[in-house]
Amino acid sequence: MAGARPQDGACTGRAREVVTAAMRALRFHVFGGPEVLRIDELDAPAPGDGEVLVEVHAGGLNFADTERRAGTYLADQPLPETSGFEAAGVVRDGPREWVGKRVAFVHPRAHAELCVVPIAKLIHLPDQLDFVTGAAFPLQALTAWHVLHTLGRVTEKDTVLIHAAAGGVGQLLVQLAREAGATVIGSVSRAAKFDVVKRRGAHHVLTRGPEFQQQLRELAPSGVNLLLEGLGADVDALTSLAPLGRWVTFGTAAGQPAPVTLESLYEKSVTVSAFWLRTEMPAHLREHATNEVLARLLDGRLQLETTTVPLEDAARAHRRLEGGLTVGKWVLTLR
Ligand SMILES: NC(=O)c1ccc[n+]([C@@H]2O[C@H](COP(=O)([O-])OP(=O)(O)OC[C@H]3O[C@@H](n4cnc5c(N)ncnc54)[C@H](OP(=O)(O)O)[C@@H]3O)[C@@H](O)[C@H]2O)c1
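Just so it is clear, the model here is predicted, and its values are computed rather than measured.

Before going further, it helps to examine the overall build of the protein. The helix and strand inventory of the protein stands at 10 helices and 17 strands. Relative to the globule expectation of 20 Å for 335 residues, the C-alpha radius of gyration of the protein, 20 Å, shows essentially globular dimensions. When the backbone C-alpha atoms are referred to their principal axes, the protein occupies close to 60 × 45 × 35 Å. Within the protein, buried positions represent 53% of all 335 residues. For the protein, the share of sequence-separated contacts (at least 6 apart) that also reach a separation of at least 24 residues comes to 66%.

Structure follows, in structure tokens:
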């Protein structure tokens, strides 16, 4: 199901459906708070070789969007810049075999009505999945898959601690870890987020407060085997982990982590991995993850909790996201 190959083989040449001369894009001209976001009217971009033009219907919001807008994102970025890392829509211009296809993708500048996307990044969106789902899953669900399986190598023998388990990636990790047969412990910042984490299948949910390590010891006396976190700060991984434990870090939602020395890993023989979805990885790993995730979305093993917000309300959505006030995935609607 994954995607970079044309389906109907023989066709070459370009095709173009109706492409408007102008489009709206969510942009920022300076780095700052959500108030710097604005909707600009721009000329429609034109795809080059190996690219298509996608008419975007929905764009997934990610924590990284707020970091990019604030100027704290990992990668360099020019200004003015269009927001967004993922979206779903319909191909309107490009090689004939792609035009008219429903697609999802992870690619920068996705929160615009029209987006040029490399063909290698397109995922065929099955008809059974709507555009909101298509915009909601690629970045978070593929991250969750790779964190849990590619790097975490989860097994049914593992006790897994998932921090910020009610968040977008967090809810997906809980479901996938439970399906893999592991014992799942989720952490949240406040009790109001307990229910959703339980509903997603966690065996236990803990609040990250002063009692956290003590409560964790009651559940996992030697510590957990696998720790998955996108918090960065306030994790105290080496205390939470059991001997020979694995720690996969994938973000800094709570701030920059305290430095970890190699020396400190020896006592428990801990393995540390860091995951970034934009890392170049072998195509078969990408395809495998995409296929596994799509299969689970189609048969209901993976449930997404989505809240839709019109593009005009993007600043409000950014504010809630960076305040840690969202549950599940927020998606901007563009059509
Ligand atoms: N490496 C990658 O390729 C990749 C891909 C996707 C996401 N990520 C990262 O993974 C992390 C989670 O992403 P997500 O999309 O799941 O985000 P999300 O839905 O917004 O969840 C983030 C969670 O982090 C917790 N949090 C703790 N301190 C926070 C703070 N100061 N501000 C905001 N949230 C705070 C909140 O949960 P509690 O209330 O329970 O604390 C919040 O729900 C982020 O750091 C993101 O950048 C990385």
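Our focus in this paragraph is the sheet that holds strand E2 (residues 22–28). Strands sit in the order E3-E2-E5 across an open sheet of three strands; the sheet is antiparallel. Two strands lie at the open edges of the sheet, namely strand E3 (37–43) and strand E5 (81–82), each paired on one side alone. As judged from the two bridges shared by E2 and E5, these two strands associate in the antiparallel manner. Across the sheet, the residue bridging to Arg27 is Thr82, located in E5.

Following both chains from N to C, one finds helix H1 (residues 63–70) and helix H10 (residues 314–322) inclined at 105°, their axes separated by 9 Å at the closest point. With respect to their mutual orientation, H1 and H10 come out roughly perpendicular. Two secondary-structure elements touch here, H1 through Phe63, Asp65, Thr66 and Arg69 and H10 through His318, Leu321 and Glu322. Among the residues making up the contact of H1 with H10, the classes are represented as two nonpolar, two polar and three charged.

Glancing now at helix H9 (residues 283–299). If you check H9, its first and last C-alpha atoms are 24 Å apart, about what 17 residues at 1.5 Å a residue would give, namely 24 Å. Burial in H9 covers these residues: Ala289, Thr290, Val293, Leu294, Arg296 and Leu297. All buried residues of H9 project into a common sector of 165° when viewed along the axis, lining one side. On its buried side, H9 packs onto strand E9 (122–124), helix H3 (138–151) and helix H4 (168–179).

Let us now look at the site of the ligand. The environment of the ligand is formed by 26 residues, the closest being Gln140, Ser189, Lys193, Arg208 and Leu277. Within the contact set of the ligand, a nitrogen atom lies 2.8 Å away from a backbone nitrogen or oxygen of Phe275. Against a free-state accessible area of 900 Å², the protein chains account for coverage of 88% of the ligand. Of all the secondary structure elements, the ones that give two or more residues to the shell around the ligand are H3, H4 and H10. Top contributing element to the shell around the ligand by residue count: H3, with three residues. Each residue belonging to the shell around the ligand can be placed in one class, and the counts come to 13 nonpolar, 10 polar and three charged. When residues of the shell around the ligand are assigned to domains, at least three map to each of domain 1 (14–137 + 304–333) and domain 2 (140–274).

Attention shifts here to the sheet that holds strand E14 (residues 241–249). Overall, parallel pairing links the six strands, which are arranged E12-E11-E10-E13-E14-E15 in an open sheet. Each edge of the sheet is formed by a strand with only one pairing partner; in this case those strands are strand E12 (204–207) and strand E15 (271–274). Averaged over all adjacent pairs, the angle separating strand axes in this sheet is 20°, with direction ignored. Sheet analysis places E14 next to E15, joined by four bridges and oriented parallel. When the bridges of E15 are listed, Arg246 appears paired with Thr271. Running at roughly 170° to strand E10 (residues 159–162), H4 makes contact with E10, strand E11 (183–188) and strand E13 (224–229) of the sheet.

The subject of this paragraph is the domain arrangement of the protein. Each domain of the protein was delimited in the assignment, giving domain 1 (14–137 + 304–333) and domain 2 (140–274). Here the C-alpha centre of domain 2 lies 29 Å away from the C-alpha centre of domain 1. Across the contact, 17 residues belong to domain 1 and 15 residues belong to domain 2. For the pair domain 1 and domain 2, the two sides together bury roughly 1000 Å², of which 47% comes from carbon and sulfur. Three residues, Phe137, Leu304 and Glu305, lead the burial of domain 1 against domain 2; their summed loss comes to 35% of the area buried on that side. In this assembly, domain 1 and domain 2 are joined by two salt bridges. Here Arg199 ties to Glu305 by a salt bridge, and the two come within 3.9 Å at their closest N and O atoms. At the boundary of domain 1 and domain 2, one finds four residue pairs in polar contact (both at pLDDT 80 or more). Here the residues of the side of domain 1 that touches domain 2 are counted per class, giving eight nonpolar, five polar and four charged.

Bringing empty space enclosed by the protein into the picture now. Applying the stated criterion across every chain yields a total of one cavity of 30 Å³ or more. Of the volumes computed, that of the largest cavity is approximately 60 Å³. Lining the largest cavity are Gln140, Gly168, Gln171, Leu172, Gln175, Gln303, Leu304, Glu305, Gly328 and Lys329. Sorting elements by how many residues they give to the lining of the largest cavity places H4 first, with four residues. Shared between two domains, the lining of the largest cavity takes at least three residues from each, and those domains are domain 1 (14–137 + 304–333) and domain 2 (140–274).

Quick notes on the rules
Residues numbered from 1 in each chain as written. Predicted model: local features only at pLDDT ≥ 70, side-chain atom pairs only at ≥ 80, totals over all residues. Heavy atoms only, no water. Helix = DSSP H or I, 4+ residues; strand = E, 2+ residues; numbered from the N terminus. Rg over C-alpha atoms; globule rule 2.2 N^0.38 Å. Buried < 20%, exposed > 50% of the residue type's maximum accessible area, 1.4 Å probe, protein only. Contact = heavy atoms within 4.5 Å. Pairing = 2+ DSSP bridges. Axes fitted to C-alpha atoms, helices over the stretch in contact; angles between N-to-C directions. Parallel < 35°, antiparallel > 145°, perpendicular 65-115°, else oblique. Nonpolar A, V, L, I, M, F, W, Y, C, P; charged D, E, K, R; others polar. Expected span 1.5 Å × (residues − 1). Arc of directions from axis to C-beta. Near = heavy atom within 4 Å. Polar contact = N/O pair within 3.5 Å; in protein donor to acceptor, adjacent residues only side chain to side chain. Areas by Shrake-Rupley, 256 points an atom, 1.4 Å probe, with all protein chains shown as cover. Domains from an automatic or database assignment. Buried area = accessible area lost by both parts, 1.4 Å probe. Salt bridge = Lys/Arg side-chain N within 4 Å of Asp/Glu carboxyl O. 1 Å grid on protein atoms, 1.4 Å probe; cavity = no way out; pocket = protein on both sides within 12 Å on 5 of 7 lines; lining within 4 Å. Points joined across faces, edges and corners; volume = space filled by probe spheres on them.

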